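Residue-level listing of the chains:
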Amino acid sequence: MTAATIPGLNGTGDTVPTKHAELLAWVQEVAELTQPDRVVFADGSDAEWERLTDQLVEAGTFTRLNDEKLPNSFLAQSDPSDVARVESRTYICSEREEDAGPTNNWMAPDEMRRTMTELYRGCMRGRTLFVVPFCMGPLGSDDPKLGVELTDSEYVVVSMRVMTRMGSAVLDLLGEDRPFVKALHSVGAPLEPGQDDVPWPCNDTKYITHFPEAREIWSFGSGYGGNALLGKKCYALRIASAMAHDEGWLAEHMLILKLISPEDKVYYIAAAFPSACGKTNLAMIHPTVPGWRAETLGDDIAWMRFGEDGRLYAVNPEFGFFGVAPGTNWSSNPTAMKTIEAGNTVFTNVAMTDDGGAWWEDLENQPEHLIDWLGQDWTPDSGRKAAHPNSRYCTPMSQCPTPAPEWDDPQGVPISAILFGGRRKNTVPLVNQSFSWQHGTFMGATMSSEQTAAAEGQVGSVRRDPMAMIPFLGYHVGDYLQHWINIGKNSDEAQLPKIFYVNWFRRGDDKRFLWPGFGENSRVLKWIVERIEGTADAQATPIGYVPTAADIDLDGLDADRNDVDESLAVNVDDWKAEIPMIEEWLQFVGDKLPSGIRDEFEALKERLDS
Ligand code: GTP
Ligand code: MN
Ligand code: MN
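Conventions used here
- Residues numbered from 1 in each chain as written.
- Chains lettered and ligands numbered in written order.
- Predicted model: local features only at pLDDT ≥ 70, side-chain atom pairs only at ≥ 80, totals over all residues.
- Heavy atoms only, no water.
- UniProt positions renumbered as here; feature names shortened; annotations may be inferred.
- Helix = DSSP H or I, 4+ residues; strand = E, 2+ residues; numbered from the N terminus.
- Rg over C-alpha atoms; globule rule 2.2 N^0.38 Å.
- Buried < 20%, exposed > 50% of the residue type's maximum accessible area, 1.4 Å probe, protein only.
- Contact = heavy atoms within 4.5 Å.
- Areas by Shrake-Rupley, 256 points an atom, 1.4 Å probe, with all protein chains shown as cover.
- Lys, Arg positive; Asp, Glu negative; His and termini not counted.
- Charge placed at Lys NZ, Arg CZ, Asp CG, Glu CD.
- Near = heavy atom within 4 Å.
- Polar contact = N/O pair within 3.5 Å; in protein donor to acceptor, adjacent residues only side chain to side chain.
- Donors = N, O, S within 2.8 Å, 3.2 Å for Na, K, Ca; no water.

For the protein, the name recorded in an unreviewed UniProt entry is Phosphoenolpyruvate carboxykinase [GTP], with Lolliginicoccus lacisalsi as its organism. In the Pathway (unreviewed entry) part of its UniProt record, the protein is described as follows: "Carbohydrate biosynthesis; gluconeogenesis." Entered under Subcellular location (unreviewed entry) in the UniProt record, the comment concerning the protein runs "Cytoplasm".

Right under this line is the structure:
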């Protein structure tokens, strides 16, 4: 295979910018299959960003926003059918069906490859095939996790530049033979000669497919973030979770936060909440407790490995934030607002103000007129949302006003506490500490949340979402839980993070939130730190160690004390009602359910009965 056989190569000479034979052979093979008009290696430069964003504006995919308010920023309005992850179209194609487990869609890899090969045939006609080399995690890692996405979407290329370390530097790292994850993406909308493009090409047939053994991703038909930016959910969670299982580390749907006490003591905290349940908010928290400070390391994904000291060290594999816009504002999340306002941001499916600004529900200064996410006129009495509930901003991590300086350190940071949490209007208290690593694993294994708009499905229905990983597991959930149990068995528990379960979303009878949340969550974080230090009290309840209102610093909190009490209440009858739901879920996990989880379940039932 020589470089010259790659058709329509668009570069500075006739040579491709790499000698990586496997990469070149794969690009060649995909180009032959998909028939693009040209092949372009993305270099990640400013010039490339300008060229592609200009092209996207020209094509009607992007609207350039007001440069004075949001410099170098753009709004994309997607096809109304292509607005979220499509879990029903997401497949884990392991060699054996039992390795995908009961929570994933599965198809035999050969069959899937045959089906998708036919979909890919000619699917890039009239388009450009971009070769996007990317690295998940700092470039200076000992064992950098590399990938190459082949895509026919300019939107994907510019978004990948924000979300990952991407371009020439990564191509250099790939050298001539470094292994990499092959990530193939097409919007699935070929153009016949003379056919006009649409602003948001996509296909009604969608597949988001993972081949965990081959460490490959094939995505077809969608342009939406989680389906199309393949470094994120597909690689950094689904493929990486399979790698982590084999190699003895953890790839988790977790934020990474640095918390600094008034005495300048530093604590790193990781937290797993399902999509749209507050990771980005907590990652950017402004503590309300005097003297406490917080800095951000990551808002969505944590890769955790053991250090030589036996502690778990976390790295954020991403390079940007892909955050939920609605609900983000100057009071709920000023850090996100400042990051966005620095510009270089791609918005998807928010609304546009008459002066070219971006707007979404709950943002301050609601205008009297907008162009909504569907491109239609909108006024406050339109009776519909201006921004899609899952509209997003995609903005560089480097613009965060309060980054932890070590966010780009390949060593990662030692984690002191892991938080699990979901969105439950009842039953689950504000905070609850596990009795042990295994009990904490049980908490994570049985955590539950009400469905949000971040994926298709009935908003509000309760589902079990272990470690917030259900949509992102690259293998059998039972094996995954066993992996967590084994980490406890193979470690000195004193070195492991302490595990807590939080719920910011409990509601009173009149449906109001019992706990004010957001910056006030720092009061809960302070209690967590004091538990780690052994200085805070808690009650041993059947479900874990739960504080009373007296154990939490509530100085200056503007909230009804009865509400706080109610937010912390452990109601044995409510928990007994939870038992059959947990039982049903454990049954569903099936034979691979670790005995450690079953033991914890039996122990919980006993404690509830005594
Ligand atoms: P993904 O990025 O999809 O994985 O989700 P995420 O976990 O980062 O969710 P995000 O932080 O964007 O939270 C989205 C929703 O949670 C918004 O509607 C917020 O207003 C709400 N939220 C976040 N923190 C709190 C809180 O402490 N209390 C309450 N009541 N709502 C919160
Ligand atoms: Mn997420
Ligand atoms: Mn988020």
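Here the narrative resumes, following the displayed structure.
## What to know about the overall build of the protein
Counting its regular elements, the protein contains 16 helices and 30 strands. Radius of gyration (C-alpha) of the protein: 24 Å, near the 25 Å computed for a compact globule of 610 residues. Each of the three principal axes of the protein carries a C-alpha extent, and together these read 75 × 55 × 45 Å. Counting the 610 residues in the protein, one finds 60% classified as buried. Considering only residue pairs separated by 6 or more positions, the protein has 73% of its internal contacts joining residues 24 or more positions apart. Per element, the accessible surface of the protein, about 22,900 Å² overall, is 46% carbon and sulfur. The distance from the centre of the 53 positive side-chain charges to the centre of the 92 negative ones in the protein is 2 Å.

## Some words on the site of ligand 1
Surveying the vicinity of ligand 1 reveals 19 residues, the closest of which are Ala276, Lys279, Thr280, Arg392 and Phe518. Side-chain polar atom of Arg423 to an oxygen atom of ligand 1: 3.2 Å apart, as the coordinates give it. Taking Phe518, its main chain carries an N or O atom lying 2.8 Å from an oxygen atom of ligand 1. Look at ligand 1: alone it shows 660 Å² of surface, and the protein chains cover 90% of it. Residue contributions to the shell around ligand 1 peak at three residues, all from helix α9 (residues 279–283).

## As for the UniProt feature "binding site: substrate" (unreviewed entry) in the protein
Residues given the UniProt feature "binding site: substrate" (unreviewed entry) here are Arg85, Tyr224, Gly225, Gly226, Ser275, Asn390, Ser391 and Arg392. On the secondary structure map, Arg85 appears in the loop between β3 (74–76) and β4 (90–92). Note on Arg85: relative accessible area 6%, which makes it buried. Within the structure, the side chain of Arg85 is placed 2.8 Å from the side chain of Glu87, a separation counted as a polar contact.

## Side note on the coordination of the manganese ion (ligand 2)
For a metal with four tetrahedral donors the ideal donor-metal-donor angle is 109.5 degrees, whereas six octahedral donors ideally subtend 90 or 180 degrees. Protein coordination at the manganese ion (ligand 2) comes from Lys233 (NZ), His253 (NE2) and Asp300 (OD), with a distance range of 2.2 Å. The metal-metal distance between the manganese ion (ligand 2) and the manganese ion (ligand 3) is 5.2 Å. On the criterion of sequence distance, the pair formed by Lys233 in helix α8 (residues 231–247) and His253 in the loop between β11 (250–252) and β12 (255–260) is long-range, its members being 20 residues apart. Of the two residues, Lys233 and His253, both sit in the buried class.

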